[in-house]
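Below, each chain spelled out in residue letters.
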Amino acid sequence: MTIADSGYSMENGECCLPCTPQEEKQIVKGLMGEAELHLKEGNLYYVVSARWFTKWERYVGQGSDDPVVDMQSSDSQDLVDLPGRITDRPGPINNSDIVENGSDGENDDLELSRTLLEGRDYVLVPQKVWEKLVQWYTGGPALPRKMISQGVFNKKQFNVEVYPLRLKLIDSRDDSEFTIRLSKKASLHELYGRVCALRGTEREKAVIWDYFNKYKQSRLVDSSRTLEESNLQMDQEILLEMQVHESYPSLSGQDSTGNELALVALEPSRTSLSIAGGPTLSNGHPGTSSLNTRPGSALNSGPTDIDDGFGAYSAVRRGERGGLAGLQNMGNTCFMNSALQCLVHTPPLVEYFLQDYSDEINTENPLGMHGELALAFGELLRKLWSSGHNTIAPRAFKGKLALFAPQFSGYNQHDSQELLAFLLDGLHEDLNRVKHKPYIEMKDWGGCPDKEVAEECWRNHKARNDSIIVDVCQGQYKSTLVCPVCSKISITFDPFMYLSLPLPSTVTRSMTVTVFYGDGSGLPMPYTVSVLKNGHCRDLIQALSAACCLRSDESFLLAEVYDHRIYRLFENPFESLTCIKDEEHIVAYRFSQEGTGKKKLEIVHQEKSAPDLLKGGGWKNFGVPLLAYLEDDSPSGADIELAASRLLSPLRKACLSSVAHNGKENGVLSEANGEASNSCNGQSESGSQSMDKIELESEDTLTQNLSLQLFLTDDRYSSRKPIFKDSVVRSGRDRIKIFLDWTDTEHKLYDPSYLKDLPVVYNKSGFSAKKTRQEAVSLFSCLGAFLNEEPLGPDDMWYCPGCKEHRQATKKLDLWTLPQILVIHLKRFSYSRYLKNKLDIFVDFPIHNLDLSKFVKQKDGRSYVYELYAISNHYGGLGGGHYTAFAKLIDDNRWYNFDDSYVSPVNEADIRTSAAYVLFYGRIESEMNVAAGGTSQDHTGS
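None of the values given here were measured: they were computed from a predicted structure.

The helix and strand tally for the chain stands at 19 helices and 45 strands. Put simply, of all contacts in the chain between residues at least 6 apart along the chain, 72% involve residues at least 24 apart. Surface summary for the chain: the accessible area is close to 44700 Å², and the carbon and sulfur share equals 48%.

In this structure, Phe-842 sits in strand E39 (residues 842–844). Residues Phe-842 and Val-777 lie 65 residues apart in sequence; the distance between their C-alpha atoms is 6.4 Å.

With that out of the way, let us pick up the side chain of Ser-467. Residue placement: Ser-467 occurs in the loop between helix H11 (450–464) and helix H12 (468–473). Not counting chain neighbours up to four residues away, the residues in contact with Ser-467 comprise His-428, Leu-431, Asn-432 and Arg-433.

This paragraph deals with the side chain of Glu-228. By secondary structure assignment, the location of Glu-228 is in the loop between strand E12 (218–220) and strand E13 (237–242). Contact partners of Glu-228, with chain neighbours within four places excluded, come to Gln-150, Lys-184, Lys-185 and Ala-402.

Phe-353, Phe-377, Phe-397, Leu-419, Phe-422, Leu-423 and Phe-920 are the most contacted members of the largest nonpolar core, which totals 60 residues. The element that contributes the greatest number of residues to this core is helix H8 (residues 372–385), accounting for nine residues. Ignoring sequence-local partners within four residues, the contact set of Phe-377 consists of Leu-340, Leu-343, Val-344, Phe-353, Phe-397 and Leu-427. Formed by 38 residues, the second largest nonpolar core is a distinct cluster that contains Leu-779, Phe-845, Leu-919 and Tyr-921.

Okay, the pattern of salt bridges next. Following the criterion strictly, the structure yields 42 salt bridges and no others. Between Arg-181 and Glu-111 there is a salt bridge; the shortest N-O distance is 2.3 Å. With a gap of 70 residues between them, Arg-181 in strand E10 (residues 176–182) and Glu-111 in the loop between strand E4 (93–94) and strand E5 (122–126) connect regions that are remote in the sequence. With a relative accessible area of 14%, Glu-111 lands in the buried category. Arg-166 is the salt-bridge partner of Asp-235, the closest N and O atoms lying 2.8 Å from each other. Placement of Asp-235 in the loop between E12 and E13 and of Arg-166 in strand E9 (residues 165–171) is noted, with a sequence separation of 69 residues between them.

Moving on, we get to helix H2 (residues 50–59). Burial analysis of H2 places eight of its 10 residues in the buried class, which makes it a mostly covered element. Buried within H2 are the following residues: Ala-50, Trp-52, Phe-53, Thr-54, Trp-56, Glu-57, Arg-58 and Tyr-59. Looking at the buried side of H2, the elements it contacts are helix H1 (21–37), strand E3 (44–49), E4, E5 and helix H3 (127–137). The N-capping residue of H2, defined by a side-chain oxygen 3.2 Å from the backbone nitrogen of Arg-51, is Ser-49. Phi for Gly-61, located one or two positions after H2, is positive at around 85 degrees.

So, on to the sheet that holds strand E29 (residues 721–722). Across the sheet, five strands lie side by side as E25-E24-E30-E28-E29; this open sheet has mixed pairing. Two strands bound the open sheet, and with one partner strand each, they are strand E25 (619–629) and E29. In terms of strand pairing, strand E28 (residues 709–712) meets strand E30 (residues 735–742) through four bridges, oriented antiparallel. Directly across from Gln-709, in E30, lies its bridge partner Asp-741.

Here the focus is helix H18 (residues 779–787). Listed in full, the buried residues belonging to H18 are Leu-779, Phe-780, Cys-782, Leu-783, Phe-786 and Leu-787. Buried residues of H18, seen end-on, are gathered within an arc of 155 degrees and therefore sit on one face of the element.

With that out of the way, let us pick up the environment of Lys-748. Mapped onto the secondary structure, Lys-748 falls in helix H17 (residues 744–749). When the C-alpha atoms of Lys-748 and Lys-653 are compared, they prove to be 7.8 Å apart, with 95 residues separating the residues in sequence.

It is worth spelling out the packing of helix H6 (residues 334–344) against H8 at this point. How two helices pack is summed up by the angle between their axes together with the distance between the axes. It is the contact of H6 with H8, at a shortest axis distance of 11 Å, that shows an interaxial angle of 75 degrees. Here H6 is positioned roughly perpendicular relative to H8, judged by the angle of their axes. From H6, Leu-340, Leu-343 and Val-344 reach across to H8, where they touch Phe-377, Leu-380, Leu-381, Leu-384 and Trp-385. By residue class, the composition of the contact of H6 with H8 is eight nonpolar, no polar and no charged.

Attention now moves to the packing of H6 against helix H10 (residues 416–430). Interaxial distance between H6 and H10 falls to 9 Å at its minimum, and their mutual angle equals 50 degrees. In this view, H6 runs oblique relative to H10, as classed from their interaxial angle. The handedness of the crossing between H6 and H10 comes out as right-handed. Taking contact as the criterion, the partners of Phe-335, Met-336, Ala-339, Leu-340 and Leu-343 in H6 are, on H10, Ser-416, Leu-419, Leu-420, Leu-423 and Leu-424. Looking at the contact of H6 with H10 residue by residue, the class counts come to nine nonpolar, one polar and no charged.

Counting all residues, the mean pLDDT for the chain is 78, and 75% of those residues have values of 70 or more. Across residues 250–318, where pLDDT falls below 50, the model places 145 contacts with residues more than four positions away in sequence or in other chains. Low confidence marks residues 927–933, where pLDDT is under 50. Its contacts with residues over four positions away, or in another chain, come to four contacts.

Tallying each qualifying case throughout the model produces 22 aromatic pairs. Taken together, a centroid distance of 6.1 Å and an interplanar angle of 55 degrees make the contact between Phe-408 and Phe-422 tilted. Separated by 14 residues along the polypeptide, Phe-408 in the loop between helix H9 (395–404) and H10 and Phe-422 in helix H10 bring together distant segments of the chain. Comparing Phe-408 with Phe-422 shows no difference in burial state: the two are buried. Between Tyr-883 and Tyr-917, the aromatic rings sit 6.4 Å apart at their centres with planes inclined by 50 degrees, giving tilted as the arrangement. With Tyr-883 in strand E42 (residues 882–889) and Tyr-917 in strand E45 (residues 916–924), the pair connects residues that are 34 residues apart, well separated along the chain. The pair formed by Tyr-883 and Tyr-917 is uniform in burial state, with each residue classed as buried. Here the aromatic residues Tyr-352, Phe-353, Tyr-357 and Phe-377 are joined through ring pairs into a cluster of three or more.

The rules behind the values
All residue numbers here refer to positions counted from 1 along the written sequence of the relevant chain. Note on the predicted model: pLDDT of at least 70 is required for a residue's local features to be given, and 80 or more for side-chain atom pairs to be given and counted; whole-chain, interface and lining totals, by contrast, use all residues. Based on all heavy atoms of the structure, the side-chain values leave hydrogens and waters out of the count. By the criteria applied, helices consist of DSSP H or I runs no shorter than four residues and strands consist of E runs no shorter than two, each listed in order from the N terminus. We call two residues in contact when some of their heavy atoms are within 4.5 Å. Residue exposure ignores everything except the shown protein chains as possible cover, and the areas themselves are Shrake-Rupley values with a 1.4 Å probe. In this description, a nonpolar core means a group of buried Ala, Val, Leu, Ile, Met, Phe, Trp, Tyr and Cys residues linked to one another through side-chain atoms lying within 4.5 Å. Buried, partly exposed and exposed residues are distinguished by accessible area as a fraction of the type maximum, computed with a 1.4 Å probe on protein chains only: under 20%, between the cut-offs, and over 50%, respectively. Criterion for a salt bridge: a side-chain nitrogen of Lys or Arg within 4 Å of a carboxyl oxygen of Asp or Glu. Polar contacts, as counted here, are pairs of nitrogen or oxygen atoms within 3.5 Å of one another; within protein the pair requires one atom able to donate a hydrogen and one able to accept it, and residues that are adjacent in sequence qualify only if both atoms are side-chain atoms. Paired strands, as defined in this entry, are two strands with at least two bridges between them according to DSSP. Arc, as used here, means the arc of the directions from the helix axis to the C-beta atoms. Convention adopted: a line fitted to C-alpha atoms gives each axis, helices being fitted over their contacting stretch, and angles between N-to-C directions are expressed from 0 to 180 degrees. Between 65 and 115 degrees an angle is taken as roughly perpendicular, under 35 as roughly parallel, over 145 as roughly antiparallel, and anywhere else as oblique. Put simply, Ala, Val, Leu, Ile, Met, Phe, Trp, Tyr, Cys and Pro go in the nonpolar bin, Asp, Glu, Lys and Arg in the charged bin, and everything else, Gly too, in the polar bin. The crossing is said to be left-handed when, going from far helix to near helix, the turn is anticlockwise and less than a right angle, and right-handed when the turn is clockwise. pLDDT measures the predictor's confidence residue by residue and takes values from 0 up to 100. Aromatic rings from Phe, Tyr and Trp, with only the six-membered ring used for Trp, were paired whenever their centres fell within 6.5 Å, and each pair was classed as stacked if the ring planes differed by under 30 degrees, edge-to-face if by over 60, and tilted otherwise.

Shown next, in the form of structure tokens:
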């Protein structure tokens, strides 16, 4: 990418002239684009505090529609990057807020805080961008990080390793401890070199052990194998021993104290079953040669990756209690542990993975993970269901997950539902019985019965997708789209793996919005309305429309006002109201619908500021900006002046308004009577004619000899260019912004008090608010909201084959069939343009006899009554919190709480909480329904 000339010269590395904000923006965006085109391993990036970088983006005028770096925001962060805000030039780069031990000391000793999130706490910039920023602003400290390649096969991607692997080295000679930092892509050969150099030992005599949980797991052989492939984890221990005799053992079944290892077997399985239940060779590897995909895979893995699957299976067959093992937290992996506990307590999956499934592993599927994910999951499930295990460290599974889904690598918190979606899809592809997917041409069903179309679609789906996951976890939607113009109907039948249900809220909030007339026909008026707390902008517009009697040919345009300018326009009716805070100022501009789509004129008011000893006098913003639609996309100065005077007309002071206008009541201008009145304030007919003449002359004066001082400004409100009557204003933007200077003349003619003291959305009075009852909705309400017909969003338009154009069609979903295992995701996390929010609504869901028969369109006599058996819970807020799981052991008929390593019984009455995030239901047979009694259809109950 070619970078435009910045307009300044360089001499000896120093800039002769400083860059303008616009030049800085263009240079950085260009360097960012250049770096994107040349991604490769080893590229250097720098970690920069998001707090500082946000200030820089505001300074250079970065709006939310054109960010240099994608930024996130949260309820706890006050640096929400919204368009329009102008700040001073930021000071030196300051990364001290993201460094644990402050900004002092050498860079090698600096540690990033462990709970940072990209976009919220820090951003990553390429080396050349960092060099520019340091050149312009100085500061630091520098926090360089290298780019690494993650993933395998066709799923490779580049990521910056923000947190290199940190290992605790224990020297067995004196029990001294040291910290070693290496990339997880570094080899064991590099690790040996670093350790030997640190301890001054000979490489030939050094022996390093994987000392996870302070047990000798396996010897780390000096080789090209990476630390990631060796399953080394952040902050885990490694043990250095010195080889005394040449016959030093390569493996051991004891830890340094002589105790036998309890967590991971150090010898490969010698039984008649492999981890997939198939026959094994003498080395413990499966007998099917085609499954040996590559070195380091689960099938070719070393002894630490192999467990005695036969022992686990036989323990379950002998009737010993299994399924009560906890999962060790490997560093913010509670999301993974919660999802895994729900899956490994899914009865059909338990039965499947405890049997021989080796024949169904698909190593040829390009959409799969060559069978490795299924093998890793099956191995972990067998460990969890074997007896004698209290806690399992899922290191091998986490390593496979990072390999095939790099988005879940590292040590940040993730979403358990997103992981579940990946696991279900990945297990399906790894176990897909279809080795060669046939090509199936789409048909035009044109008027065929729904049942016939649905059955054919399902046959087509099964011809390409056939696995245990499809058998038990997939159902079928009916999706109906209707064109709003030609009424063309499109019906499709699609498979689904889970239902993502919205949480309809019944809690309301009070919002005060001030209405301004876009044609100058009335005075501004505040209105207070009640809307759903988690509603959308369209809900607020509907409430305002009813409150102020909006006509059918009128519309509202919502805007936030900050610093006496329009901060942002809410043009998307589906934008969530959660992005509007109580302390903000919201206005609604009232327009005729005829103006929709035309160019807008924004008028920002300015008045003389008090003289300053250093800066002298100047102009400052005040009041609420006015907004109007323009008739011409390239208006003349006279057109703009006329529009401005029309918007100001309601503010004309009474003593002048009585002369200039015939009748004005309650801020609304009435039409001139057009007839003379003999008794109007004692005036004669000739007096009335004289008034009409004065009014016309006044209007003529306003048009021809207007004294308003108007100045054209830019998007950042940083320039002032005077507007003349004969000038033509052309702009590629949809909004022309001007300043209106209020001189003594304007203050005499107009009353600016109507533009001041704009009320906030909600004024919190007092400090003791009445605590409201926890909101509750039923699971059936959530399902009803999911199945409601609604229009597609503006960014999700449908191409209508009838109109041959993209249309905002209405969409209706119906449940055609439901699977044996029904996974229901409660959409607690909402994301808007500026904010993320979590809904802590209590969902009242049935534990027993959830009857969904009336929601299923296909009446095939099948049972659609379900029993709850697992829940993935999320406690706390966004960007963190904690995940746990509730799961039921069917044989025991008891519920248990799985909180990472801790497993404890829990009463069934206590499992329904506002933390429930993903629900797992199993279908029960019809004869069981009769025995169980009634079902939950329109109400919930345990």
